[in-house]
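Letter by letter, the chains look like this.
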Amino acid sequence: MSIQNTMKALSDPIRRDILAMLKKGRKSAGEISEAFPVSGAAISRHLSVLKDADLIRDEREGKYIYYELNASVLEEIMLWIKQLKGADTDD
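For clarity, every value in this text was computed on a predicted model and none was experimentally measured.

J.: Where do I start with the packing of aromatic side chains in this structure?
T.: The description of an aromatic ring pair uses the distance of the two centres, along with the angle that the planes make with each other. In this structure the tally under the stated criterion is one aromatic pair. Centroid distance Tyr64 to Tyr66: 6.5 Å. Interplanar angle 50 degrees. Geometry classified as tilted.

J.: Sorry, what's going on with a nonpolar patch on the surface here?
T.: Nonpolar side chains collect at one region of the surface, where Ile3, Met7, Met78, Trp80, Ile81 and Leu84 lie side by side and expose about 530 Å² of accessible area between them. At the level of secondary structure, the elements contributing two or more residues to the nonpolar patch comprise helix H1 (3-10) and helix H5 (71-85). For the nonpolar patch, the element with the most residues is H5, which contributes four residues. Relative to the assigned elements, Leu84 resides in helix H5. We classify Leu84 as exposed; its relative accessible area is 59%.

J.: When you look at the nonpolar core in this model, what are you seeing that I'm missing?
T.: For soluble globular proteins, nonpolar side chains are generally found buried alongside one another. Of all hydrophobic cores here, the largest spans 17 residues; its most connected members are Ile18, Ile32, Phe36, Leu47, Leu50, Leu55 and Ile56. Counting residues per element, the ones that place at least two in this core are helix H2 (13-23) and helix H4 (40-52). Looking at this core element by element, the count peaks at five residues for H2. Excluding residues that lie within four positions of it along the chain, Ile18 makes contacts with Ile32, Phe36, His46, Leu47 and Leu50.

J.: Quick question: what am I supposed to make of H2 here?
T.: Working note: α-helix, 3.6 residues per turn, so residues spaced by three or four point in the same direction. Those residues of H2 not exposed but buried are Ile14, Arg15, Ile18, Leu19, Met21 and Leu22. Buried residues of H2, viewed axially, fall in a sector of 160 degrees; they line one side. For H2, the elements touching its buried residues are H1, strand S1 (27-28), helix H3 (29-34), H4, strand S2 (56-61) and strand S3 (64-69). Residue Gly25 follows H2 closely and has a positive phi angle near 140 degrees.

Quick notes on the rules
- Residues numbered from 1 in each chain as written.
- Predicted model: local features only at pLDDT ≥ 70, side-chain atom pairs only at ≥ 80, totals over all residues.
- Heavy atoms only, no water.
- Phe/Tyr/Trp six-rings, centres within 6.5 Å; stacked < 30°, edge-to-face > 60°.
- Patch = residues over 30% accessible without salt bridge, like charges linked within 9 Å, V, L, I, M, F, W, Y side chains within 5 Å.
- Areas by Shrake-Rupley, 256 points an atom, 1.4 Å probe, with all protein chains shown as cover.
- Salt bridge = Lys/Arg side-chain N within 4 Å of Asp/Glu carboxyl O.
- Helix = DSSP H or I, 4+ residues; strand = E, 2+ residues; numbered from the N terminus.
- Buried < 20%, exposed > 50% of the residue type's maximum accessible area, 1.4 Å probe, protein only.
- Core = buried A, V, L, I, M, F, W, Y, C linked by side-chain atoms within 4.5 Å.
- Contact = heavy atoms within 4.5 Å.
- Arc of directions from axis to C-beta.

Nothing here speaks to function; it is geometry throughout.
Right under this line is the structure:
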């Protein structure tokens, strides 16, 4: 995991909103795109950044690509932040 890629991915509000959408369950690229007032190409780029940071996974089913949250990377980031704060990590 590259912390730099993860922080870059989390720095954009649209990408954070996409992660929040995927927290509720997997979505197709079209479903994600419909939720934002930007082009499909822009959403594709956001999804690519999230995927490069390993924050999401994709799976092709026929002509559709479905995306889902990769919570394990988020858990690693939360653990890292706790350690920075000096919090007890034995939770």
